[in-house]
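Commentary on secondary and tertiary structure
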Amino acid sequence: MDNKQKLQDGLQEMGLTLPLPQQLLLLEYLALLKKWNSTYNLTALRDEGKMVSHHLLDSLTLLPYVENAKTLIDVGSGGGMPGIPTAICRPDLQITLLDSNTKKTSFLQQAVIELGLANVTVASGRVEALHENKADVVTSRAFAELADFIGLSRHLLNDNGCWAAMKGVYPYEELTHIPDDVEVLKVEKLAVPMLKAERHMVLMKPKC
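Fair warning: this is a prediction, and the values are worked out from it, not measured in the lab.

On to the overall build of the protein chain, then. Secondary structure summary: the protein chain contains 7 helices and 7 strands in total. Scanning the protein chain from its N terminus toward the C terminus, one meets helices and strands in the order α-α-α-β-α-β-α-β-β-α-β-α-β-β. Taken against the 2.2 N^0.38 rule, which gives 17 Å for 208 residues, the C-alpha radius of gyration of the protein chain at 16 Å falls within 12% of a compact globule. Taking the principal axes of its C-alpha atoms as reference, the protein chain extends roughly 50 × 30 × 30 Å. Burial status across the protein chain gives 51% buried among its 208 residues. Taking as baseline every contact in the protein chain between residues at least 6 positions apart, the subset at least 24 positions apart corresponds to 65%. Element-wise, carbon and sulfur atoms account for 50% of the exposed surface of the protein chain, whose accessible area totals about 10,000 Å². Distance from the positive charge centre (21 side chains) to the negative charge centre (25 side chains) of the protein chain: 4 Å.

Right, let's get into helix α3 (residues 48–60). Its 13 residues give α3 an end-to-end C-alpha distance of 17 Å, which sits within 8% of 18 Å, the value for a rise of 1.5 Å per residue. Counted residue by residue, α3 has 10 buried out of 13 residues, so it is predominantly covered. Among all positions in α3, only Gly 49, Met 51, Val 52, Ser 53, His 55, Leu 56, Leu 57, Asp 58, Ser 59 and Leu 60 are buried. Contact partners of the buried residues in α3: α1 (3–14), α2 (20–40), α4 (83–89), β4 (135–141) and β5 (157–167).

Before going further, it helps to examine the packing of α1 against α3. With their axes 10 Å apart at the nearest point, α1 and α3 run at an angle of 30° to one another. In terms of orientation, α1 and α3 fall into the roughly parallel class. Pair α1 / α3 crosses with right-handed handedness. Here Asn 3, Lys 6, Leu 7, Gly 10, Leu 11 and Met 14 of α1 come into contact with α3, specifically with Glu 48, Gly 49, Val 52, Leu 56, Leu 57 and Leu 60.

In spatial order, the strands read β3-β2-β1-β4-β5-β7-β6; together these 7 strands make up an open sheet with mixed pairing. Of all strands in the sheet, those with a lone pairing partner are β3 (120–124) and β6 (182–189), marking the two edges. Within the sheet, the average angular offset between the axes of one strand and its neighbour, ignoring direction, is 20°. Where strand β2 (residues 94–99) lies against β3, 5 bridges are found, and the strand directions are parallel. Bridge pairing links Ile 95 to Val 120 in β3.

Counting 48 residues, the largest nonpolar core has Tyr 29, Ile 84 and Phe 107 as the members making the most contacts within it. In terms of residues, this core owes the most to one element, α2, which gives 7 residues. When near neighbours in sequence (up to four residues on either side) are disregarded, Phe 107 contacts Tyr 29, Leu 32, Leu 33, Trp 36, Tyr 40, Leu 42 and Gly 79. In this structure, Val 127, Val 138, Leu 156 and Met 204 belong to the second largest nonpolar core, which totals 19 residues.

For the rest of this paragraph, the subject is the pairing of β4. Along β4, 6 of the 7 residues are buried, which leaves the element largely enclosed by surrounding structure. Bridge count between strand β1 (residues 71–75) and β4: 4 bridges; the pairing is parallel. Within the sheet, the bridge partner assigned to Leu 72 lies in β4 and is Val 137. Crossover handedness for the path β4 to helix α6 (residues 146–153) to β5: right-handed.

What counts as what
Along every chain, residues carry numbers that run from 1 in the direction the sequence is written. Confidence filtering applies because this is a predicted model: local features only for residues at pLDDT of at least 70, side-chain atom pairs given and counted only at 80 or more, and all residues used for totals across whole chains, interfaces and linings. To obtain the side-chain values, all non-hydrogen atoms of the structure were used and water was disregarded. By definition, any uninterrupted DSSP run of H or I lasting at least four residues is a helix, any uninterrupted run of E lasting at least two residues is a strand, and each is numbered from the N terminus. We compute the radius of gyration over the C-alpha atoms and compare it with the globule rule, which gives 2.2 Å times the number of residues raised to the power 0.38. Exposure classes here rest on a 1.4 Å probe applied to the protein chains alone. A residue is buried below 20% of its type maximum, exposed above 50%, and partly exposed in between. Contacts were defined at the residue level, with two residues in contact if any of their heavy atoms lie within 4.5 Å. Residue exposure ignores everything except the shown protein chains as possible cover, and the areas themselves are Shrake-Rupley values with a 1.4 Å probe. Positive residues here are Lys and Arg, negative ones are Asp and Glu, while His and the chain termini are left out of the count. Here the site of a charge means atom NZ of a Lys, CZ of an Arg, CG of an Asp or CD of a Glu. A helix is expected to span 1.5 Å multiplied by its residue count minus one. Inter-axis angles, ranging from 0 to 180 degrees, are taken between N-to-C directions of lines fitted to C-alpha atoms, where helices are fitted over the stretch in contact. Any angle that is under 35 degrees is reported as roughly parallel, and any over 145 degrees as roughly antiparallel; angles of 65 to 115 degrees are reported as roughly perpendicular and all others as oblique. Whether a crossing is left-handed or right-handed is set by the direction in which the near helix is turned from the far one by less than a right angle, anticlockwise for left-handed and clockwise for right-handed. Between any two strands, pairing holds if DSSP finds at least two bridges. Each nonpolar core is a collection of buried residues, namely Ala, Val, Leu, Ile, Met, Phe, Trp, Tyr and Cys, held together in the definition by side-chain atoms within 4.5 Å. Throughout, right-handed denotes a crossover for which the path from the first strand over the helix to the second runs clockwise when the strands point away from the viewer.

Printed below as a string of structure tokens:
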């Protein structure tokens, strides 16, 4: 099965309807990721077929959680996940991709230009040093433990903003270390087609 078919099957299984131009843009992003991977060490995956499930479909599990958002910050974006796939599917959402690794942000800049993503800004530097941006949703995928993620990125949240932390197995231990002034809204198990591993979404917000 080719990647285009894999992507279409995966989207259908997830109940996502995407216009063909956006599907092709997602595959173009994968091609860029593969092309630049040897130079910038963006992902440990070398198999483009697995990238469809592990990078594209996995990233797109974020979409239902940003339905009402206007702004998003992707902390520790690395090769652009989940920020770039989300940006392709939600051109109305203003997204900041943040990473402290300048090699990775060089790739992100390149990808944003080549994919024509007018809704994406790339910020290079440490999360605690970013002060000019605030967002409705601050997300990360495998960036840090929940307590560290909260501590480092709290200043990036809008007044009614929330954190959407993408995790692998259910983070029992990490949840016990969350600060007292933060509320866990929900921890949901995610189903990612063709990915034989656990995935969870942790939604949190500061208590009023």
